[in-house]
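Overview (structure and organization)
One letter stands for each residue in the lines below.
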Amino acid sequence: MKPAVPARPLSMNQVLLCGALIVTLSMGIRHGFGLWLQPITMDRGWTRETFALALAIQNLAWGLAGPLAGMLADRFGAFKVLLVGGVMYALGLVLMALSTSGLAFAGSAGLLIGMAQSGTTYAVIYGVIGRNVAPERRSWAMGVAAAAGSFGQFLMVPVENWLIGGFGWQNALFILSIAAIAILPLAFGLREPAVATPTGPRQSLPQALREAFGYPSFRYLMAGYFVCGFQVVFIGVHLPSYLKDHGLSPQVATYALALIGLFNVFGTYTAGVLGQRLAKRHILSTIYALRTVAIVVFLFVPLSPASVYVFAAVMGFLWLSTVPPTNAVVAQIFGVQYLSTLGGFVFLSHQIGSFLGVWLGGKLYDTTGSYDVVWWLAAALGLFAAAINLPVREGPIARQPAAVPA
């Protein structure tokens, strides 16, 4: 059975509104998980590595399930995938609160929530955007959706900190599970009408995957996204503890994470707009190079609330600004027929980097008593990503007539 195609595009405003709200909830909730590290490990008597390993599994599960979620969304529609993902997200948060062993915590906070995120975030949403937004506005629209995820961080991190302080860490997770259920009604706004696929040559999924993985530019994008995942998840999860270890108050970490989310709203939107006018490979290379500069400066200047806030603002502007140009390049090269699937594979690379970033942060801290090695590794990887994106070729791939994209 071939995937159905929309009878007519959904309204762009409807797609952006519902997609942005879903990403706001899904990404906003996950961005605050670092706030739970100390209360959970202290209450349960776990090491930081136990907590970090669960979130590392979450990121890896998110990445591994991403291609499958993308395939299902391309074949059966994003609507059904979003419904299942929303239910899994709410259930995972409840079980995360109830877990009393490291294994159970890894299964709930790690495996279940990670799988839920694969069905409620960028790969699935961007597939709908790609099919319903004109190519000349696609990069901008993806920037809007990414900015929504950033706004979710800005909005939800202070809310989650307030929930933990006011209701306790377990009740805070129960409340967030109710918020995750809101993904279900929003999914109806992304329900695409479909008709039978028109006759004529169409590329099969195996053909699309062989083509993508055999194309150097696709592999370059995956390598750069690996670095993105390593950097942002290490910082997002371990920054609060890093600052507390150096004598700064928990409020500094809360404000820093909120600033990252706020400035990422502007950064992702700017990247989406610039993607309509400039070479996306140059945008990506510049983002990664600037991340390295920001990390190195942060490590050299005296640590204070002011330096933390400046670092958070700069990194926030660069945080998820890689997302719109990366996904727009994939659509530009390969078309939109299997955009969710290919986006899922690119994101898998991102999440492998996330797994290593969050796990190494906890592992090396427990081993050395410091995060310094991981900070410098993150800076070095930024230079690698800046270089690997430069040779990306952005033009549509040349195909044989029998493999015409949708």
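Per an unreviewed UniProt entry, the protein goes by MFS transporter and derives from Aquincola tertiaricarbonis.

Turning to the side chain of Ser99, a few remarks are in order. Within the secondary structure layout, Ser99 lies in the loop between helix H4 (78-98) and helix H5 (102-118). Within polar-contact distance, the side chain of Ser99 engages the backbone oxygen of Leu95 at 2.7 Å. Excluding anything up to four places from it in sequence, Ser99 contacts Arg44, Trp46, Ala104, Phe105 and Ser108.

Looking now at the pattern of salt bridges. By the definition in use, this model includes 3 salt bridges. With its nearest N and O atoms 3.1 Å apart, the salt bridge here joins Arg131 to Glu192. Within this pair, whereas Arg131 is found in helix H6 (residues 122-132), its partner Glu192 is found in the loop between helix H9 (183-187) and strand S2 (194-195), the two being separated by 61 residues in sequence. The partly exposed category is assigned to Arg131, whose relative accessible area is 21%. Of the residues examined, Glu192 reaches a relative accessible area of 18% and is grouped as buried. Here Arg281 and Glu394 are joined by a salt bridge, their closest N and O atoms 3.4 Å apart.

The interhelical angle for the contact between H4 and H6, taken along N-to-C directions, is 155°, at an axis separation of 10 Å. The orientation of H4 relative to H6 falls into the category roughly antiparallel. For the crossing formed where H4 meets H6, the hand is left-handed. In this structure, H4 contributes Ala78, Val81 and Leu82 to the contact, and H6 contributes Val124, Ile125 and Val128.

Here we take up the layout of surface pockets. A volume near 250 Å³ is recorded for the second largest pocket. Forming the boundary of the second largest pocket are 14 residues, of which Leu35, Gln38, Pro39, Asn161 and Pro250 lie nearest the centre. Secondary-structure elements contributing two or more residues to the lining of the second largest pocket are helix H2 (37-44), helix H7 (135-167), helix H11 (216-245) and helix H12 (250-274). Within the lining of the second largest pocket, the residues separate by chemical class into 7 nonpolar, 6 polar and 1 charged.

Calculation rules
- Residues numbered from 1 in each chain as written.
- Predicted model: local features only at pLDDT ≥ 70, side-chain atom pairs only at ≥ 80, totals over all residues.
- Heavy atoms only, no water.
- Helix = DSSP H or I, 4+ residues; strand = E, 2+ residues; numbered from the N terminus.
- Polar contact = N/O pair within 3.5 Å; in protein donor to acceptor, adjacent residues only side chain to side chain.
- Contact = heavy atoms within 4.5 Å.
- Salt bridge = Lys/Arg side-chain N within 4 Å of Asp/Glu carboxyl O.
- Buried < 20%, exposed > 50% of the residue type's maximum accessible area, 1.4 Å probe, protein only.
- Axes fitted to C-alpha atoms, helices over the stretch in contact; angles between N-to-C directions.
- Parallel < 35°, antiparallel > 145°, perpendicular 65-115°, else oblique.
- Left-handed = near helix turned anticlockwise from the far one by under 90°.
- 1 Å grid on protein atoms, 1.4 Å probe; cavity = no way out; pocket = protein on both sides within 12 Å on 5 of 7 lines; lining within 4 Å.
- Points joined across faces, edges and corners; volume = space filled by probe spheres on them.
- Nonpolar A, V, L, I, M, F, W, Y, C, P; charged D, E, K, R; others polar.

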